[in-house]
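# Observations on chain architecture
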Amino acid sequence: MTHRIFAELGRRYRRAVVDAWDQVQAAKKYAAAAAQGRVSGSDVGLGTNQLTLSEACRILNVKPPQGGKTDMDIVMERFKCLYDVNEPDNGGSFYLQSKILRARERIEVEVKKAEEEAERKEEIQTGWKPKLFR
């Protein structure tokens, strides 16, 4: 009887080790693909609980930023409408409301990153001009 218990424990342990090894190998492949640029830059470095840019755009029903530019007025309009509709006090869902908030934040982060990158490129081309205060 005890040999069956040990055999079962051995199988479970072996399966756990193999699964962990597979996860490590998948993570290495993903990191290599990200380093070579084969993974979308907006999705690299996201935690497991963060939205991708495409998910955020689908939630708010807006087009993804093209070249880092999008009409933030439309994004804010859709955000306010959906956020108010899902107000928990009026029978809405707190979960959906938080998803809508995270979607807006994700789009704002993407646009801000693109603006900062454009400013850096412009500064490199034109040279650094310090702001003087008198």
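What you see is a predicted model, and the numbers here were worked out from it, not measured in a lab.

### Concerning the packing of aromatic side chains
- By the definition in use, this model includes one aromatic pair.
- Ring geometry for Phe79 versus Tyr83: centroids 5.2 Å apart, planes at 35°, classification tilted. With Phe79 and Tyr83 both in helix H3 (residues 72-85) and four residues apart, this pair spans about one turn of that helix.
- On the basis of relative accessibility, which here comes to 28%, the residue Tyr83 falls in the partly exposed class.
- In this structure, Arg104 is placed above the aromatic ring of Phe79, and the distance from its NZ or CZ to the ring centre is 4.5 Å.

### Side note on the confidence of the model for the protein chain
- Across the protein chain, pLDDT averages 84, with 90% of residues at or above 70.
- At the level of individual helices and strands, the protein chain shows its lowest average pLDDT in helix H1 (residues 2-35), which scores 83, and its highest in H3, which scores 93.

### Brief notes about the side chain of Asn86
- Checked against the element boundaries, Asn86 lands in the loop between H3 and helix H4 (94-126).
- One polar contact links the side chain of Asn86 to the main-chain carbonyl oxygen of Leu82, over a distance of 2.9 Å.
- Sequence-distant contacts of Asn86, that is, excluding residues within four places in its chain, are made with Gly92, Ser93, Leu96, Gln97 and Ile100.

### Some thoughts on the nonpolar core
- Of all hydrophobic cores here, the largest spans 12 residues; its members are Leu51, Leu53, Ala56, Cys57, Leu60, Val62, Val75, Phe79, Ile100, Ala103, Ile107 and Val111.
- Put simply, the parts of the chain that give this core at least two residues each are helix H2 (53-60), H3 and H4.
- The residues contacting Phe79, other than those within four sequence positions of it, are Leu60, Ile100, Leu101 and Arg104.

### Here's the deal with the pattern of salt bridges
- Counted by the stated rule, this structure contains eight salt bridges.
- Notably, a salt bridge pairs Arg104 with Glu108, separated by 3.4 Å at the nearest N-O pair. Within this pair, Arg104 and its partner Glu108 are both found in helix H4, separated by four residues, close to a single helical turn.
- Glu108 gets classed as partly exposed once you look at its relative accessible area, which sits at 31%.

### Section: unusual backbone geometry
- The backbone of Asn61 shows a phi angle near 55°, a positive value even though the residue is not glycine.
- Here Asn61 lies in the loop between H2 and H3.

### Remarks on a nonpolar patch on the surface
- Together, Met1, Ile5, Phe6 and Leu9 make up a nonpolar patch on the protein surface, roughly 480 Å² of accessible area in all.
- Checked against the element boundaries, Ile5 lands in helix H1.
- Of the residues examined, Ile5 reaches a relative accessible area of 44% and is grouped as partly exposed.

Cut-offs used in this document
Residues numbered from 1 in each chain as written. Predicted model: local features only at pLDDT ≥ 70, side-chain atom pairs only at ≥ 80, totals over all residues. Heavy atoms only, no water. Phe/Tyr/Trp six-rings, centres within 6.5 Å; stacked < 30°, edge-to-face > 60°. Helix = DSSP H or I, 4+ residues; strand = E, 2+ residues; numbered from the N terminus. Buried < 20%, exposed > 50% of the residue type's maximum accessible area, 1.4 Å probe, protein only. Lys NZ or Arg CZ within 6 Å of the ring centre and 35° of its normal. pLDDT = per-residue confidence, 0-100. Polar contact = N/O pair within 3.5 Å; in protein donor to acceptor, adjacent residues only side chain to side chain. Contact = heavy atoms within 4.5 Å. Core = buried A, V, L, I, M, F, W, Y, C linked by side-chain atoms within 4.5 Å. Salt bridge = Lys/Arg side-chain N within 4 Å of Asp/Glu carboxyl O. Patch = residues over 30% accessible without salt bridge, like charges linked within 9 Å, V, L, I, M, F, W, Y side chains within 5 Å. Areas by Shrake-Rupley, 256 points an atom, 1.4 Å probe, with all protein chains shown as cover.

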